[in-house]
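# Chains, contacts and geometry: an overview
Okay, here's what each chain looks like letter by letter:
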Amino acid sequence: MDISVFGQPEISPVLDSEKLRLQYCEAEKRLLVFDYDGTLTPLVKNPEEATLSTQALHSITTLSADPRNSVWIVSGRDQKFLHEQVGHIPELGLSAEHGCFIRKPHSDSWESLIGQTDLTWQTEVTKVFQRFTARTKGSFTERKRVAVTWHYPQADPEEGAHLAQECLNLLEETVVGKRSVVVMPGKANLEVRPTCVNKGSVVTRLVDENLIAPGRQYGYILCAGDDHTDEDMFRALQRDVPTERICTITVGPTSKRSAAKWSIPNPAETLFLDLPPRIRHLLWQRQQKSATANAFFKRRHIAHDMRDIQEYPGPKVNTKEMALGLTTPLPTTVPGSTM
Ligand SMILES: [Mg+2]
């Protein structure tokens, strides 16, 4: 495999975030899946320093608290790291090591998805990575519960890419083919893990778990990631879900080839669904209306969603609707849980 040509033949247009916000608002049940590194956080030289910004943590917490949302972080990180960073958010689902483990919302325990998979290849792969670690300044080998990863974030980019290709070729000659493993090139890393799971299989599982009963299907699915391993999620959603309900986003330059439908240039824009206050205010108003309105007004609210949000002038009360009992006085602060 040649790392330089790895990827999909399509270029994803830049995300139309306003349009997708409206689709999100209209859905009664949503699945939101985020990769961690390079998607929720910028990529950093030292992987241990990849922590969520205050704003990103607030957004993830707010989105997770909405009972209409099922929010998951699906990462290549191990359980310990994810627990330390976001384990305190009870409503948030987590998947570690590219789908090998999951921690469901409101659970403290991790579930293994790899069964009795043979892991004896770890020793052989670790030895190969350690040889390259010795040759490459600033690189290191990480042995997780299942996956083994060689990181070279501090290496000269050109030299690092060259050595990664050499390492990958060596692994393909010695391990891949004999064992049920796959070598995945990431951003400044190479990872070896079992073929039986990947991020795509986790996303498929999350979607399938809500296909059991009518009315449980997600009306909106957002999935965002930045590297090759995230393409498995994008492809799984292309295969399993009607296209009008999914929003797959790759983080990176617009020239990047990806199976995602959309692209955004940097991680700071991934959490665009954590709406600005004026939009949140409108949603709060609409919820108040929906709680009291009859079917006619509910249909009208849905039909006017786009116009209302685009033309929303600010936090003013519609006195006519107040008189009809369709709205209540606005709160001094907008409840975050309405998102
Ligand atoms: Mg990533």
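Residues numbered from 1 in each chain as written. Predicted model: local features only at pLDDT ≥ 70, side-chain atom pairs only at ≥ 80, totals over all residues.

### Let's talk about the nonpolar core
The biggest cluster of nonpolar side chains holds 65 residues, and the ones touching the most others in it are V33, I73, V203, I221 and C223. Per element, the largest residue contribution to this core is five residues, and it comes from strand β10 (residues 220–225). (Core = buried A, V, L, I, M, F, W, Y, C linked by C-beta atoms within 7 Å. Buried ≥ 20, exposed ≤ 12 C-beta atoms within 10 Å, placed from the backbone. Helix = DSSP H or I, 4+ residues; strand = E, 2+ residues; numbered from the N terminus.)

### Topic: the sheet that holds β10
What the eight strands build is an open sheet, ordered β5-β4-β3-β2-β1-β10-β11-β12; its pairing is mixed. Only two strands of the sheet have a single neighbouring strand rather than two, namely β5 (111–112) and β12 (262–264). Relative to strand β2 (residues 69–74), strand β1 (residues 30–34) runs parallel, the two being bridged by five bridges. Looking at β2, one finds that R30 is bridged to N69. Across the sheet, helix α2 (residues 54–65) touches β1 and β2, and the angle it forms with β2 is around 140°. Strand contacts of helix α6 (residues 199–208): β1, β2, β3 (93–96), β4 (101–103) and β10, with the helix running at about 165° to β2, the strand carrying the most contacts. (Pairing = 2+ DSSP bridges. Contact = placed C-beta atoms within 7 Å. Axes fitted to C-alpha atoms, helices over the stretch in contact; angles between N-to-C directions.)

### Describing the packing of helix α4 (residues 121–135) against helix α5 (residues 157–174)
In helix packing, the relevant descriptors are the interaxial angle and the interaxial distance, both defined with respect to the helix axes. It is the contact of α4 with α5, at a shortest axis distance of 11 Å, that shows an interaxial angle of 155°. Judged on the interaxial angle alone, α5 and α4 are roughly antiparallel. Crossing handedness for the pair α4 and α5: right-handed. Contact residues: α4 offers V125, V128, F132 and R135, while α5 offers L163, C167, L170 and L171. Its residues assigned to classes, the contact of α4 with α5 comprises seven nonpolar, no polar and one charged. (Parallel < 35°, antiparallel > 145°, perpendicular 65-115°, else oblique. Left-handed = near helix turned anticlockwise from the far one by under 90°. Nonpolar A, V, L, I, M, F, W, Y, C, P; charged D, E, K, R; others polar.)

### Examining α5
For α5, which comprises 18 residues, the first-to-last C-alpha distance of 25 Å matches the rise-based estimate of 26 Å (1.5 Å per residue) to within 8%. Residues of α5 that are buried: G160, A164, C167, L168 and L171. Relative to the axis of α5, the buried residues are bounded by an arc of 105° and lie together on one face. Turned more than 90 degrees from where α5 packs its buried face, E158, E166 and E173 sit exposed. (Expected span 1.5 Å × (residues − 1). Arc of directions from axis to C-beta.)

### Comments concerning α4
Taking 1.5 Å per residue, 15 residues should reach 21 Å; α4 reaches 22 Å between its end C-alpha atoms and fits that length. Among the residues of α4, V125, F129 and F132 are the ones counted as buried. One side of α4 carries all its buried residues, which in axial view fall inside an arc of 55°. Exposed residues pointing more than 90 degrees away from the buried face of α4 are listed as T123, K127 and A134. In this structure, the buried residues of α4 make contact with β6 (140–143), β7 (148–151), α5 and β9 (189–194).

### Here we look at the pairing of β1
Burial analysis of β1 places five of its five residues in the buried class, the great majority of the element. Burial along β1 is two-sided: R30, L32 and F34 facing one way and L31 and V33 facing the other are all buried. Once the chain exits β1 it traverses α2 before rejoining the sheet at β2, and the crossover so formed is right-handed. (Right-handed = clockwise from strand over helix to strand, strands pointing away.)

### Details of unusual backbone geometry
The phi dihedral of H106 falls on the positive side, at around 60°, and the residue is not glycine. Here H106 lies in the loop between β4 and β5. Overall, H106 belongs to the exposed group, with 9 C-beta atoms counted inside 10 Å. Backbone geometry places A188, a non-glycine residue, at a positive phi of 60°.

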